Each structure stands twice: as C-alpha cells, then as structure tokens.
Amino acid sequence: MIICVSAVSLLPRILPVALFSRFEFPELLKRWLSFVAPAVLGGLTALSVLAPSGSIDISLQNRYIWVFIPTLLVAVKTRSLFWTLAVGIVSMALLYHIL
C-alpha cells in the first residue's frame with residue numbers, strides 16, 4: 001500500500017521531467033511558462049489575504065491585510081525568503097497577541 005501511494009505521488013512529478021527533458025522548447029513557450037508559477041502564487045496569496053473566510057473582506061478588521069503589508073515591504077526590499085517569512089510570522093504572532 002505504501003509503495004503504491006508513493007508511486008502515485010511521485011509519478012506525476014517525475015514523469016513530465018523524464019519525458020520532456022529531452023526536448024528543446026521554443027523560447028516563446030519558455031518565457032510564457034516562466035509566468036505560470038508567479039501568477040498561481042499571486043492568485044493564492046491574494047485569495048488568502050483578501051478572502052480569508054471565503055468572502056472578500058477589505059476592511060480594517062482583516063488582520064491578514066495588516067500582516068501582508070510589512071511582509072510585502074520586506075520581501076520587496078530584501079528579496080530574501082528568510083526575512084520575508086520571519087517578518088510575516090512575527091507580524092502575525094504579534095497581531096494575534098495584541099488582538
């Protein structure tokens with residue numbers, strides 16, 4: 001059972017790499033694909049920040065917006081995943097502690 005579950009989990013990750021690593025894709029397709037991951041991440045982030053309970057909440061009571069602001073500023077300024085995560089976690093902890 002564990003082996004089957006492992007195979008089902010690993011095959012969708014390994015198979016495309018094994019099949020498509022032999023081909024050279026056109027530059028336009030490579031450029032287009034380079035935008036997919038940031039777009040998906042941006043969409044997931046926007047949904048988590050602006051609609052944490054399932055409906056859009058752009059109000060002063062939405063603590064996720066207040067945590068997102070300093071986290072985004074640190075991410076843009078430092079471009080460091082460590083500092084971005086640290087500021088986000090500390091901001092959320094402080095906000096939960098205060099409110």
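The structure reproduced in this document is the subject of the present report. All of these numbers come straight from a predicted model, not from anything done at the bench. (Residues numbered from 1 in each chain as written. Predicted model: local features only at pLDDT ≥ 70, side-chain atom pairs only at ≥ 80, totals over all residues. Heavy atoms only, no water.)

Some words on the side chain of Asn62
Within the element layout of this structure, Asn62 appears in the loop between helix 3 (36-50) and helix 4 (63-78). What makes Asn62 buried here is its relative accessible area of 2%. Within the structure, Asn62 has its side chain in polar contact with the backbone nitrogen of Tyr64 (distance 3.1 Å). Not counting the four nearest positions on each side in its chain, Asn62 is found in contact with Val49, Leu50, Pro52 and Asp57. (Helix = DSSP H or I, 4+ residues; strand = E, 2+ residues; numbered from the N terminus. Buried < 20%, exposed > 50% of the residue type's maximum accessible area, 1.4 Å probe, protein only. Polar contact = N/O pair within 3.5 Å; in protein donor to acceptor, adjacent residues only side chain to side chain. Contact = heavy atoms within 4.5 Å.)

So, the environment of Leu10
Tracing the chain through its elements places Leu10 in helix 1 (residues 2-20). Along the backbone, Leu10 and Leu41 are 31 residues apart, and their C-alpha atoms lie at a distance of 22 Å.

Quick notes on the pattern of salt bridges
As enumerated under the stated definition, the model contains 1 salt bridge in all. The residue Lys30 makes a salt bridge to Glu24 at a minimum N-O spacing of 2.5 Å. (Salt bridge = Lys/Arg side-chain N within 4 Å of Asp/Glu carboxyl O.)

A short note on the layout of surface pockets
Reported here for the largest pocket is a volume of approximately 450 Å³. Lining the largest pocket are 16 residues; nearest its centre among them are Thr45, Val49, Phe68, Thr71 and Thr84. When residues of the lining of the largest pocket are traced back to their parent elements, those giving at least two are helix 3, helix 4 and helix 5 (81-98). With 6 residues, helix 5 is the single largest residue contributor to the lining of the largest pocket. For the lining of the largest pocket, the per-class residue count stands at 10 nonpolar, 6 polar and no charged. (1 Å grid on protein atoms, 1.4 Å probe; cavity = no way out; pocket = protein on both sides within 12 Å on 5 of 7 lines; lining within 4 Å. Points joined across faces, edges and corners; volume = space filled by probe spheres on them. Nonpolar A, V, L, I, M, F, W, Y, C, P; charged D, E, K, R; others polar.)

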